[in-house]
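Spelled out, the chains give:
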Amino acid sequence: MSLLLSVRPGRGCTVLEVRGELDMATSPQLREGLQRLVDSGDRQVVVDLAGVGFMDSSGLGALVVMFKALRDVGGRLCLAAVQPAVRSVLTVTSVDQAIDVYDSVPAAEADVRPTDAAGR
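Residues numbered from 1 in each chain as written. Predicted model: local features only at pLDDT ≥ 70, side-chain atom pairs only at ≥ 80, totals over all residues. Heavy atoms only, no water.

K.L.:
I'm lost on the overall build of the protein in this one. Help?
P.N.:
In terms of helices and strands, the protein carries 4 helices and 5 strands. Sequence-ordered secondary structure for the protein, helices as α and strands as β, is β-β-α-β-α-β-α-β-α. Rg of the C-alpha trace for the protein: 13 Å, near the compact-globule value of 14 Å for 120 residues, within the 12% margin. On the principal axes, the C-alpha backbone points of the protein span a range of 40 × 25 × 25 Å. Across the 120 residues in the protein, those meeting the buried criterion constitute 44%. Carbon together with sulfur atoms contributes 54% to the accessible area of the protein, which is approximately 5,800 Å² in total. Considering the protein, the positive charge centre built from 12 side chains and the negative charge centre built from 15 side chains are found 4 Å apart. (Helix = DSSP H or I, 4+ residues; strand = E, 2+ residues; numbered from the N terminus. Rg over C-alpha atoms; globule rule 2.2 N^0.38 Å. Buried < 20%, exposed > 50% of the residue type's maximum accessible area, 1.4 Å probe, protein only. Areas by Shrake-Rupley, 256 points an atom, 1.4 Å probe, with all protein chains shown as cover. Lys, Arg positive; Asp, Glu negative; His and termini not counted. Charge placed at Lys NZ, Arg CZ, Asp CG, Glu CD.)

K.L.:
Whenever I open this one, the packing of helix α1 (residues 27–39) against helix α2 (residues 57–72) confuses me. Can you help?
P.N.:
Any two packed helices are characterised by how steeply their axes cross, that is the angle between the axes, and by the distance between the axes. At a minimum axis separation of 8 Å, α1 and α2 run at an interaxial angle of 15°. The pairing of α1 with α2 is recorded here as roughly parallel in orientation. In this structure, the crossing between α1 and α2 has a hand that is right-handed. For the pair α1 and α2, the contacting residues are S27, L30, R31, L34, Q35 and V38 in the first and S58, G59, A62, L63, V65, M66 and L70 in the second. (Axes fitted to C-alpha atoms, helices over the stretch in contact; angles between N-to-C directions. Parallel < 35°, antiparallel > 145°, perpendicular 65-115°, else oblique. Left-handed = near helix turned anticlockwise from the far one by under 90°. Contact = heavy atoms within 4.5 Å.)

K.L.:
Whenever I open this one, the pairing of strand β3 (residues 44–51) confuses me. Can you help?
P.N.:
Two faces belong to every sheet, and in a regular strand the side chains alternate between them. Where burial is concerned, most of β3 is hidden: 6 out of the 8 residues are buried. The handedness of the strand β2 (residues 14–19) to β3 crossover, carried by α1, is right-handed. Bridge analysis of β3 against strand β4 (residues 76–80) gives 5 bridges, and the strand direction is parallel. By the bridge assignment, V45 is partnered in β4 with L77. The handedness of the β3 to β4 crossover, carried by α2, is right-handed. (Right-handed = clockwise from strand over helix to strand, strands pointing away. Pairing = 2+ DSSP bridges.)

K.L.:
Would you explain the pattern of salt bridges in this entry?
P.N.:
A full pass over the atoms with the stated rule returns 6 salt bridges. Taking the shortest distance from any N to any O, the salt bridge between D72 and R71 comes out at 4.0 Å. Relative accessible area serves as the criterion here: at 46%, R71 is assigned to the partly exposed category. (Salt bridge = Lys/Arg side-chain N within 4 Å of Asp/Glu carboxyl O.)

K.L.:
What is the right way to read α2 from this model?
P.N.:
In an α-helix, one turn spans 3.6 residues; hence positions three or four apart end up facing the same way. Here α2 is 16 residues long and its end C-alpha atoms lie 22 Å apart, about the 22 Å a rise of 1.5 Å per residue gives. Those residues of α2 that fall on the buried side of the exposure criterion are G59, L60, A62, L63, M66, F67 and L70. Looking down the long axis of α2, one finds its buried residues gathered within 160° of arc, a one-sided arrangement. Exposed and oriented more than 90 degrees from the buried face of α2 are S57 and D72. Buried residues in α2 make contact with α1, β3, β4 and α3 (84–92). G74, located one to two residues past α2, shows a positive phi value of around 80°. (Expected span 1.5 Å × (residues − 1). Arc of directions from axis to C-beta.)

Here's what the structure looks like:
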């Protein structure tokens, strides 16, 4: 199954909507999509996982790598609308202790903390 990524402006952030399964075949696509956002100057990124019903360790790894990449440039990556199977992976690995997880995109947007004068 292929991964579908779409980017839209959020309230004080950029929202990356992800649809499909995050596995060894698709996680590079997620990482590349997030890297493009970082390279274009986005610093507040909400990953909307409402359309992701499965994630393996490679998907988890892509999220952690990009969480660190954003943190290293003064930005922030958070996750929203995480489905139960994916939330279980985040909890078992304790990644949810490092990356903020929200019940919905609006909840994540409400907690955006601007990192520069442009609010990105």
